[in-house]
Amino acid sequence: MSLEKIIMPKLGESVTEGTINSWLVKVGDTVNKYDPIAEVMTDKVNAEIPSSFSGVIKEIVVEEGETVAVDELICYIEVSNGSNSVNDSDEEIVQQTGEVPATAAEVDNEQSMKLRYSPAVLKRAAEHQIDLTDVTGTGIGGRITRKDIDAYISKGLGKSSHSKVNEEKAARQINQTLSKKDIEIPVTGVRKMIAENMVRSKQEIPHAWMTVETDVTELVKYRNEIKDDFKRREGYSLTYFAFFIHAIARALREYPEINSTWAGNKIIQRHDINISIAVAKENELFVPVIKHADEKSVKGIAREIFELANKARSGKLTQNDMEGGTFTVNNTGTFGSVSSMGIINHPQAAILQVEAIIKRPVIIKDMFAARDMVNLSLSLDHRILDGLICGRFLARVKQLLENINEQTTTV
Amino acid sequence: MSELTYIQAIRMAMEEELQRDDNVFIVGEDVGTKGGVFKATEGLYDMYGEDRVIDAPLAESAIVGVGIGAAMYGMRPIAEIQFADFIFPAVNQIVSEAAKIRYRSNNDWNCPITIRAPYGGGIAGALYHSQSVEAMFNSHPGLKVVIPSSPYDAKGLLKAAIRDNDPVLFFEHKRAYRLLKEEVPEEDYLIPIGKADIKREGTDVTVITYGLSVHQAKQAATELEKEGIDVHILDLRTVYPLDQEAIIEAASKTGKVLLVTEDNKEGSVIGEVAAIIAEHCLFELDAPVRRLAAPEIPAMPYAHPLEKEFLITEEKIAASLRELARF
């Protein structure tokens with residue numbers, strides 16, 4: 001028998017932490033290798049953690065709802081080594097029996113060094129006002145190592161303790177105003193994630209906004225001419241949104257400043273143009289990514305929108321589908337909105353809201369004309385971008401869109 | 001660029017300096033026609049003649065004393081002591097003359113001598129051919145003591161030592177001579193004296209050491225990496241005066257420090273390193289500073305099992321690091 005550790009797996013390239021949504025096993029349960037043991041949520045994706053061993057769950061270290069860094073211990077599992085065949089050498093048996101008391105001792109005497117604090121640990125505890133009895137030690141005899149307290153600090157003083165405080169505050173406020181017919185909806189899962197991300201973006205990023213009005217009469221005409229044929233041939237719709245993303249990706253190529261992300265002490269201008277698109281599903285919101293959008297045709301983009309939306313609706317989006325976005329385009333026009341101020345998708349530099357296309361009277365050469373008009377509303381991170389560059393970018397998007405017609409554009 | 005052994009890199013450094021500066025010359029026992037007992041000066045006698053590659057009598061005090069005199073008159077001597085074990089007759093010259101002349105003459109005189117000597121055990125050299133003598137010199141301001149850990153460093157540091165305007169003791173681990181090989185550039189480059197070097201970045205435990213033990217620590221680190229222990233290695237390179245800043249940084253990085261020397265533990269160079277850490281890093285320390293050194297025994301034994309017991313090995317370093325990591 002030996003005690004093995006199960007750690008928080010890395011569930012995506014840029015994922016650094018995960019939240020245990022729920023445990024699917026309890027202490028004492030017997031599990032087989034690859035059995036799911038817990039449901040974990042990373043940035044907007046839910047996944048199950050498979051067991052790395054066959055054995056008995058001995059101790060659950062991370063509570064439901066707790067967020068831990070990748071590679072951190074989440075539970076202990078006791079693995080039986082009884083399956084070793086008869087021809088084991090004596091040496092191996094000695095080793096095995098030698099191991100058991102060692103691990104047993106570690107578990108039993110877990111506390112013997114628990115109160116022996118090194119100067120490094122005491123200093124950090126004082127600086128961050130940490131009660132050391134709350135910290136779990138992984139050193140000899142349960143000693144709290146410098147790494148343990150550093151991990152505790154980065155977890156405790158990071159966003160989780162803040163959001164815990166906020167949650168408690170929020171909970172209290174709801175209690176105060178609750179009347180009999182009100183319904184309480186606990187904020188969990190994707191909703192909670194959306195809330196945290198939005199708070200972070202809104203609190204951290206100094207947003208600024210601008211809107212341009214664009215005449216897409218020619219685009220509407222062109223699309224109407226070909227859309228039925230396209231649908232019949234391809235099996236999915238040729239949406240306006242695909243034309244918009246196509247034009248925006250081209251403009252981003254010409255204005256790389258907009259295609260940036262914020263990294264604290266520096267700004268990273270991204271080479272790849274990966275467009276995040278918002279896909280709503282009842283009370284959930286997903287932001288899958290169209291990668292290398294500037295290299296794709298209108299048709300290619302239309303197909304990808306169709307596929308990503310389908311995946312979102314059926315809950316099949318993977319972490320890979322959500323990663324790497326450099327700019328977000330939000331199709332607010334679907335809801336009939338004509339003006340909105342989007343919250344930037346952290347750490348991107350900007351988000352563009354494509355509003356509803358509406359037929360309106362417009363004055364052209366001193367005469368009224370009925371034109372299909374659309375507003376493009378840009379929210380920008382004023383740390384990264386200024387009005388001048390954004391104005392030029394929007395003007396270019398407008399120009400590209402107004403020039404779409406049968407002659408200039410092939411789908 | 002070609003792959004050179006530690007001793008070939010040392011030879012290359014001397015050849016290049018002899019070529020570059022007519023004031024450079026070599027003096028020592030068997031350095032001339034024989035080309036050195038370890039072949040460090042092989043071929044140099046034929047290339048530069050008996051005036052610049054001088055065979056000296058068996059008199060270390062004279063080898064160093066002649067060098068000091070020539071250095072004070074503007075030459076750049078490289079004095080070779082055949083084995084560091086034999087340096088003791090020259091200690092008075094080194095400590096009382098070479099180290100002090102700049103201070104004593106209020107900067108009127110200086111002494112740009114380099115004294116090379118092979119040190120260390122592991123070659124069945126027993127009492128008179130295995131000693132580590134660096135601690136003898138690490139309390140004399142005016143001296144610099146350099147101990148390279150690799151062929152690349154050996155070439156750059158020896159050239160810097162020869163060009164240094166003050167006396168430099170240059171100790172070469174004799175087991176490293178043909179054990180260590182790496183790519184060494186043919187062009188001229190210098191490595192600054194007095195600067196330690198991070199040989200490996202790690203986050204769990206720190207090893208601070210010098211000379212051949214750096215190589216052993218690197219091997220131990222590769223082994224421990226498989227066990228998930230990430231080792232940080234600082235090579236002192238110059239053991240006197242010590243690079244305090246680098247020591248403080250390396251110790252603070254992990255808070256768990258292992259100091260390694262092949263010398264006897266008490267009074268060794270790493271005791272001073274431990275003192276620097278104690279003075280500056282208390283609030284970053286997460287474990288008692290550990291020392292791994294030779295036992296308090298007068299000399300390296302000749303019998304192979306005893307010699308092995310006496311010496312630092314990769315396994316001993318790995319075992320100490322494992323305990324530190326678990327602490």
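Scoring rules and cut-offs
- Residues numbered from 1 in each chain as written.
- Chains lettered and ligands numbered in written order.
- Predicted model: local features only at pLDDT ≥ 70, side-chain atom pairs only at ≥ 80, totals over all residues.
- UniProt positions renumbered as here; feature names shortened; annotations may be inferred.
- Helix = DSSP H or I, 4+ residues; strand = E, 2+ residues; numbered from the N terminus.
- Buried ≥ 20, exposed ≤ 12 C-beta atoms within 10 Å, placed from the backbone.
- Contact = placed C-beta atoms within 7 Å.
- Pairing = 2+ DSSP bridges.
- Axes fitted to C-alpha atoms, helices over the stretch in contact; angles between N-to-C directions.
- Expected span 1.5 Å × (residues − 1).
- Parallel < 35°, antiparallel > 145°, perpendicular 65-115°, else oblique.
- Nonpolar A, V, L, I, M, F, W, Y, C, P; charged D, E, K, R; others polar.
- Left-handed = near helix turned anticlockwise from the far one by under 90°.
- pLDDT = per-residue confidence, 0-100.

With an unreviewed UniProt entry as reference, chain B is termed Branched-chain alpha-keto acid dehydrogenase E1 component, source organism Pseudogracilibacillus auburnensis. Of the comments in the UniProt record for chain B, the one headed Cofactor (unreviewed entry) reads "thiamine diphosphate".

Under an unreviewed UniProt entry, the name given to chain A is Dihydrolipoamide acetyltransferase component of pyruvate dehydrogenase complex, and the organism recorded is Pseudogracilibacillus auburnensis. The heading Sequence similarities (unreviewed entry) in the UniProt record of chain A holds the text "Belongs to the 2-oxoacid dehydrogenase family."

Enquirer: I would appreciate a short explanation of the overall build of chain B in the present structure.
Expert: Helix and strand content of chain B: 12 helices and 14 strands. Across the 327 residues in chain B, those meeting the buried criterion constitute 53%. Sequence-distant contacts in chain B: of pairs separated by 6 or more residues, those separated by 24 or more amount to 79%.

Enquirer: Which parts of the structure should I look at to understand the overall build of chain A?
Expert: Each helix and strand in chain A was counted, giving 10 helices and 19 strands. When the 411 residues of chain A are sorted by exposure, 28% land in the buried category. In chain A, of all internal contacts separated by at least 6 residues, the share reaching a separation of at least 24 is 64%.

Enquirer: Explanation requested: the sheet that holds strand β10 (residues 205-209) of chain B in the structure shown.
Expert: Hydrogen bonding along the main chain pairs the strands of a sheet, whether they run parallel or antiparallel. Residues and elements named next belong to chain B. Strands sit in the order β9-β11-β10-β13-β14 across an open sheet of five strands; the sheet is mixed. Here the strands that pair on one side only, and so sit at the sheet edges, are β9 (197-200) and β14 (290-294). Geometrically, the sheet is characterised by an average inter-axis angle of 25 degrees between neighbouring strands, direction not taken into account. Pairing of β10 with strand β13 (residues 257-264) involves three bridges; the strand directions are parallel. Within the sheet, the bridge partner assigned to Thr 206 lies in β13 and is Val 257. With respect to the sheet, helix α8 (residues 212-225) is in contact with β9, β10, β11 (231-235) and β13, its orientation differing from that of β11 by roughly 170 degrees.

Enquirer: Mind showing me how you'd approach the sheet that holds strand β4 (residues 76-80) of chain B here?
Expert: Residue and element names in this part refer to chain B. Reading across the sheet, the seven strands line up as β3-β2-β4-β5-β7-β6-β12 and stay open at both edges, with mixed pairing between neighbours. The sheet is open, and its two borders are formed by β3 (53-55) and β12 (238-240), each paired with just one other strand. The mean inter-strand angle of the sheet, taken between neighbouring strand axes irrespective of direction, is 25 degrees. Both strand β2 (residues 24-28) and β4 contribute to a ladder of five bridges, which runs parallel. Counterpart to Val 24 in the pairing with β4 is Arg 76.

Enquirer: How should α8 of chain B be read in this particular structure?
Expert: Residues three or four positions apart in an α-helix share a direction because the helix packs 3.6 residues into each turn. Residues and elements named next belong to chain B. Helix length check: α8 (14 residues) gives 20 Å between terminal C-alpha atoms against 20 Å at 1.5 Å per residue, within 8%. Of all 14 residues in α8, 10 are buried, a share of seventy percent or more. If you check which residues of α8 are buried, you get Leu 212, Ser 213, Val 214, His 215, Gln 216, Ala 217, Lys 218, Ala 220, Ala 221 and Leu 224.

Enquirer: How do you make sense of the packing of helix α3 (residues 60-72) of chain B against helix α4 (residues 91-98) of chain B when you look at a structure like this?
Expert: To characterise two packed helices, one gives the angle between the axes of the helices and the distance between these axes. Residues and elements named next belong to chain B. Relative orientation of the contacting elements α3 and α4 amounts to 25 degrees, with a least axis distance of 8 Å. Put simply, α3 runs roughly parallel to α4. Note on element contacts: α4 touches α3 through Gln 93, Ile 94, Glu 97 and Ala 98, opposite Ser 61, Val 64, Gly 65 and Ile 68. For the contact of α3 with α4, the per-class residue count stands at four nonpolar, three polar and one charged.

Enquirer: What exactly am I supposed to notice about the UniProt feature "domain: Peripheral subunit-binding (PSBD)" (unreviewed entry) in chain A here?
Expert: The UniProt entry lists residues 116-153 of chain A under the feature "domain: Peripheral subunit-binding (PSBD)" (unreviewed entry), expressed in the numbering used here. For residues 116-153 of chain A, the helix share is 45%, the strand share is 0%, and the end-to-end C-alpha distance is 19 Å.

Enquirer: Would you mind going over the packing of helix α1 (residues 6-20) of chain B against helix α6 (residues 151-163) of chain B with me for this structure?
Expert: All names here are of chain B. As a packed pair, α1 and α6 sit with axes 8 Å apart at the nearest point and diverge in direction by 30 degrees. Judged on the interaxial angle alone, α6 and α1 are roughly parallel. As for how α1 packs across α6, the hand of that crossing is right-handed. Of the residues in α6, those touching α1 at Tyr 6, Ala 9, Ile 10, Met 12, Ala 13, Glu 16 and Glu 17 are Pro 151, Tyr 152, Ala 154, Lys 155, Leu 158, Lys 159 and Ile 162. Considering only residue class, the contact of α1 with α6 consists of 10 nonpolar, no polar and four charged.

Enquirer: Would you explain the confidence of the model for chain A in this entry?
Expert: Fine structural detail should not be taken from predicted coordinates in areas where pLDDT scores are low. Residues and elements named next belong to chain A. Model confidence for chain A is summarised by a mean pLDDT of 84, while 86% of its residues fall at 70 or above. Helix α1 (residues 90-108) is the least confidently modelled element of chain A, averaging 42 in pLDDT, while strand β17 (residues 350-354) averages 95, the highest of any element. Overall, residues 83-108 carries pLDDT values under 50, and its contacts beyond four positions in sequence, including any with other chains, amount to seven contacts. Under a pLDDT of 50 for its full length, residues 158-165 has, in the predicted model, four contacts with residues more than four places off or in other chains.

Enquirer: I'm lost on α6 of chain B in this one. Help?
Expert: All names here are of chain B. Taking 1.5 Å per residue as the helical rise, α6 with its 13 residues ought to reach 18 Å, and the 19 Å between its terminal C-alpha atoms agrees with that figure. The buried fraction of α6 amounts to 11 of the 13 residues, a majority that puts the element mostly inside the structure. Within α6, burial applies to Pro 151, Asp 153, Ala 154, Lys 155, Gly 156, Leu 157, Leu 158, Lys 159, Ala 160, Ala 161 and Ile 162.

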